[in-house]
Amino acid sequence: MNNPQHLFILTGSSRGMGLAMAEQLVDAGHTLITISRRTSDALQAGAHVAGCVLTQWPMDLADGAAAAARLAAWLRLHAPDAFASATLINNAGVIAAIGPLRDADAADLANALRVGLEAPMQLTAAFLGATRGWTGPRKVLNISSGLGRRAMASQAGYCAAKAGMDHFTRCVALDEAGQPGGARVCSLAPGVIDTDMQVQLRGADAAAFPDRGNFERLKSGGQLSSPAGAAQRVLAWLARPDFGAEPVADVRDA
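Structure report, in brief. Quick caveat: nothing in here was measured; it's all calculated off a predicted structure. (Residues numbered from 1 in each chain as written. Predicted model: local features only at pLDDT ≥ 70, side-chain atom pairs only at ≥ 80, totals over all residues. Heavy atoms only, no water.)

**Side note on the overall build of the protein**
And step 1. Along its length, the protein carries eight helices and seven strands.
And step 2. Taken over the C-alpha trace, the protein has a radius of gyration of 18 Å; the compact-globule value for 254 residues is 18 Å, and the two agree within 12%.
And step 3. Projecting the C-alpha coordinates of the protein onto the three principal axes gives extents of approximately 60 × 40 × 35 Å.
And step 4. Looking at the 254 residues of the protein, the share that counts as buried comes to 48%. (Helix = DSSP H or I, 4+ residues; strand = E, 2+ residues; numbered from the N terminus. Rg over C-alpha atoms; globule rule 2.2 N^0.38 Å. Buried < 20%, exposed > 50% of the residue type's maximum accessible area, 1.4 Å probe, protein only.)

**A look at the sheet that holds strand β6 (residues 184-189)**
And step 1. The strand order β3-β2-β1-β4-β5-β6-β7 describes an open sheet built from seven strands, whose pairing is parallel. Looking at which strands have only one partner, the edges of the open sheet turn out to be β3 (54-58) and β7 (248-250). Pairs of neighbouring strands in the sheet enclose a mean axial angle of 20°, with direction left out of account.
And step 2. In terms of strand pairing, strand β1 (residues 6-11) meets strand β4 (residues 85-90) through five bridges, oriented parallel. Looking across to β4, one finds that Ile-9 is bridged to Leu-88. (Pairing = 2+ DSSP bridges. Axes fitted to C-alpha atoms, helices over the stretch in contact; angles between N-to-C directions.)

**As for the side chain of Lys-162**
And step 1. Positionally, Lys-162 belongs in helix α5 (residues 156-177).
And step 2. The buried charged residue Lys-162 lacks any salt bridge partner; its closest oppositely charged side chain belongs to Asp-166, at an N-O distance of 8.0 Å.
And step 3. Reaching out from Lys-162, the side chain makes a polar contact with the backbone oxygen of Ile-143 at a distance of 2.8 Å.
And step 4. Apart from residues no more than four positions distant in its own chain, Lys-162 is found in contact with Ile-143, Ser-144, Ser-145 and Gly-148. (Lys, Arg positive; Asp, Glu negative; His and termini not counted. Salt bridge = Lys/Arg side-chain N within 4 Å of Asp/Glu carboxyl O. Polar contact = N/O pair within 3.5 Å; in protein donor to acceptor, adjacent residues only side chain to side chain. Contact = heavy atoms within 4.5 Å.)

**Section: the packing of aromatic side chains**
And step 1. Counted under the stated rule, the structure contains three aromatic pairs.
And step 2. Centre to centre, the rings of Trp-74 and Phe-83 are 6.2 Å apart; their planes meet at 25°, and the pair counts as stacked.
And step 3. With relative accessibility at 9%, the residue Phe-83 sits in the buried group.
And step 4. Among the aromatic residues, ring-to-ring pairing joins Trp-74, Phe-83 and Trp-134 into one connected group. (Phe/Tyr/Trp six-rings, centres within 6.5 Å; stacked < 30°, edge-to-face > 60°.)

**Concerning the environment of Gly-18**
And step 1. Residue position: Gly-18 is located in helix α1 (residues 16-27).
And step 2. By relative accessible area, Gly-18 is classed as buried at 1%.
And step 3. Separated by 153 residues in sequence, Gly-18 and Cys-171 have C-alpha atoms that sit 25 Å apart.
And step 4. Residue contacts for Gly-18: discarding those within four places in its chain leaves Leu-10, Gly-12, Ser-13 and Asn-91.

**Some remarks on the nonpolar core**
And step 1. Residues Leu-7, Ile-9, Ile-35, Leu-61, Leu-75, Leu-123 and Phe-127 are the most contacted members of the largest nonpolar core, which totals 34 residues.
And step 2. Among the secondary structure elements, those contributing two or more residues to this core are β1, β2 (31-36), α3 (64-76), β4, α4 (106-130) and α5.
And step 3. Counting residues per element, this core draws most heavily on α4, at eight residues.
And step 4. With residues near it in sequence (within four places) discarded, Leu-61 still touches Thr-11, Ile-35, Ala-67, Ala-92, Arg-114, Val-115, Ala-119 and Leu-123.
And step 5. If you look at the next biggest cluster of nonpolar residues, it comprises 28 residues, including Leu-10, Cys-52, Leu-188 and Val-251. (Core = buried A, V, L, I, M, F, W, Y, C linked by side-chain atoms within 4.5 Å.)

**Quick word on the packing of α3 against α4**
And step 1. Running from N to C, α3 and α4 point in directions that differ by 15°, and their axes come no closer than 9 Å. In this view, α3 runs roughly parallel relative to α4, as classed from their interaxial angle. Note that α3 runs across α4; the crossing there is right-handed. Contacts from Gly-64, Ala-65, Ala-67, Ala-68, Leu-71, Ala-72, Leu-75 and Arg-76 of α3 reach α4 at Ala-119, Gln-122, Leu-123, Ala-126, Phe-127, Gly-129 and Ala-130.
And step 2. Class assignment for the residues of the contact of α3 with α4 results in eleven nonpolar, three polar and one charged. (Parallel < 35°, antiparallel > 145°, perpendicular 65-115°, else oblique. Left-handed = near helix turned anticlockwise from the far one by under 90°. Nonpolar A, V, L, I, M, F, W, Y, C, P; charged D, E, K, R; others polar.)

If you want it as structure tokens, here you go:
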């Protein structure tokens, strides 16, 4: 008998929009796996109240290969009809030290690219490979950024990671379009959100980050979305019947 539960795998769930998405998925009673450096007792308590099956994997996505191997092994334990649907949300990302690329620390830059681009590719490969032949719909939602589509000084690492995310999503869309029951994929920019990442940008050295003033004005002008509001809009996009029709999208175009 098919399980009516919908399965979600979510990275970067310990804070910001990722935590808000996790809370909303828990409240809806879905089966949820989170992958983040930290677990949340409050989220686990909320899952108990909501009757949600929540599994939290405390893992650093700088080692995306380990997370991908664990995910593939877990998925292969389940029958093709175990879930009504399966969705991977690649949300985790970090900003390398803000400044021109000429001043970048190699290890810091590598970490940002591993978390922001390498791990999403590895997890997507593991998810699609392990769920090949599953009977329910499969989706991959990559959380991108407007900075993947617009260059910004002193943000080469983050911009490159998000641009790479957009383009690998386009490639995966082509791969899956030719497969029976292929997954639907989308790289979605969620808009500007009031998160710790915004705090980093506003607190950067103005001499090293020419756009700092723009981020300060977004905050002072009340133009930042709350994490909960952004999460709600992103999950609504995920639920759209035309999800994946455009492999690269912006939630503000809804």
